[in-house]
Amino acid sequence: MDTQIITKFKIIKPATEVFEAIVNPEKIGNFWFSSSSERWEKGRTPTLRYNEYDAEVVIHVLEVEENRKIVFAWGGNDQETIVTITLKELDKTSTIIEVNESGLSEDDPEIINKMIGQKEGWVYTLTCLKGYLENGVTTLRASLVF
């Protein structure tokens, strides 16, 4: 079974702006986590915080290719997955962002629920990113009610 989760969006902004929104700790709180402890660069381990859910996660940045690619690991222990974010600038005003999360165990009895949950999470995150970058909307993030 292929357990990769792939999500793609078109964002009407250049790749430089999409990239900065993700890696810059001053911008990430506008659409995704409440905060990031540091800029995302290869070899760093930023702590990402969700104040609304009293939760945090440490990620391990494995690769960064400016304005093109970000690869990180998260989840820890036996649940670690690898997230690859690629940016393909279509022209000077629009970018295709693709998120590929891999590493979920096909032997996990909860694999289907986990895959659905991760897919929903990435669709939501990219929706918030699109709203933020294209329209300045910063109130979408952390709006999910559990």
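Since the structure is predicted, the reported quantities are computational estimates derived from the model, not experimental observations.

Read across the open sheet, the 3 strands follow the order β2-β3-β4; overall the sheet is antiparallel. Lying at the two open borders of the sheet, with one neighbouring strand each, are β2 (35–36) and β4 (55–58). The sheet contact formed by β2 and strand β3 (residues 47–50) spans 2 bridges and is antiparallel. Its bridge partner lying in β3, Ser36 is registered against Leu48.

Bringing the UniProt feature "domain: Activator of Hsp90 ATPase homologue 1/2-like C-terminal" (unreviewed entry) in the protein chain into the picture now. When the UniProt feature table is mapped onto this chain numbering, "domain: Activator of Hsp90 ATPase homologue 1/2-like C-terminal" (unreviewed entry) sits at residues 14–134. Its end C-alpha atoms 11 Å apart, residues 14–134 is made of 27% helix and 35% strand.

In space, the 5 strands of this open sheet follow the order β1-β8-β7-β6-β5, with antiparallel pairing throughout. Here the strands that pair on one side only, and so sit at the sheet edges, are β1 (5–11) and β5 (60–65). Taking each pair of neighbouring strands and ignoring which way they run, the sheet shows an average axis angle of 15°. With 5 bridges connecting them, β5 and strand β6 (residues 69–74) associate as antiparallel partners. Note that in β6 the partner of Val64 across the bridge is Ile70. Sheet strands in contact with helix α1 (residues 15–23) are β1, β5, β6, β7 (81–91) and β8 (94–102), and its direction is about 155° off that of β7.

Bridge analysis of β1 against β8 gives 7 bridges, and the strand direction is antiparallel. The residue of β8 that forms the bridge with Lys10 is Ile96. Linkage of β7 to β8, two consecutive antiparallel strands, is achieved through a turn of 2 residues.

It is worth spelling out the nonpolar core at this point. In this structure, Ile22, Trp32, Trp40, Phe72 and Ile97 are the most contacted members of the largest nonpolar core, which totals 35 residues. Secondary-structure elements contributing two or more residues to this core are β1, α1, β3, β6, β7, β8 and α2 (111–135). Per element, the largest residue contribution to this core is 8 residues, and it comes from α2.

Cut-offs and rules
- Residues numbered from 1 in each chain as written.
- Predicted model: local features only at pLDDT ≥ 70, side-chain atom pairs only at ≥ 80, totals over all residues.
- Heavy atoms only, no water.
- Pairing = 2+ DSSP bridges.
- Helix = DSSP H or I, 4+ residues; strand = E, 2+ residues; numbered from the N terminus.
- UniProt positions renumbered as here; feature names shortened; annotations may be inferred.
- Axes fitted to C-alpha atoms, helices over the stretch in contact; angles between N-to-C directions.
- Contact = heavy atoms within 4.5 Å.
- Core = buried A, V, L, I, M, F, W, Y, C linked by side-chain atoms within 4.5 Å.
- Buried < 20%, exposed > 50% of the residue type's maximum accessible area, 1.4 Å probe, protein only.

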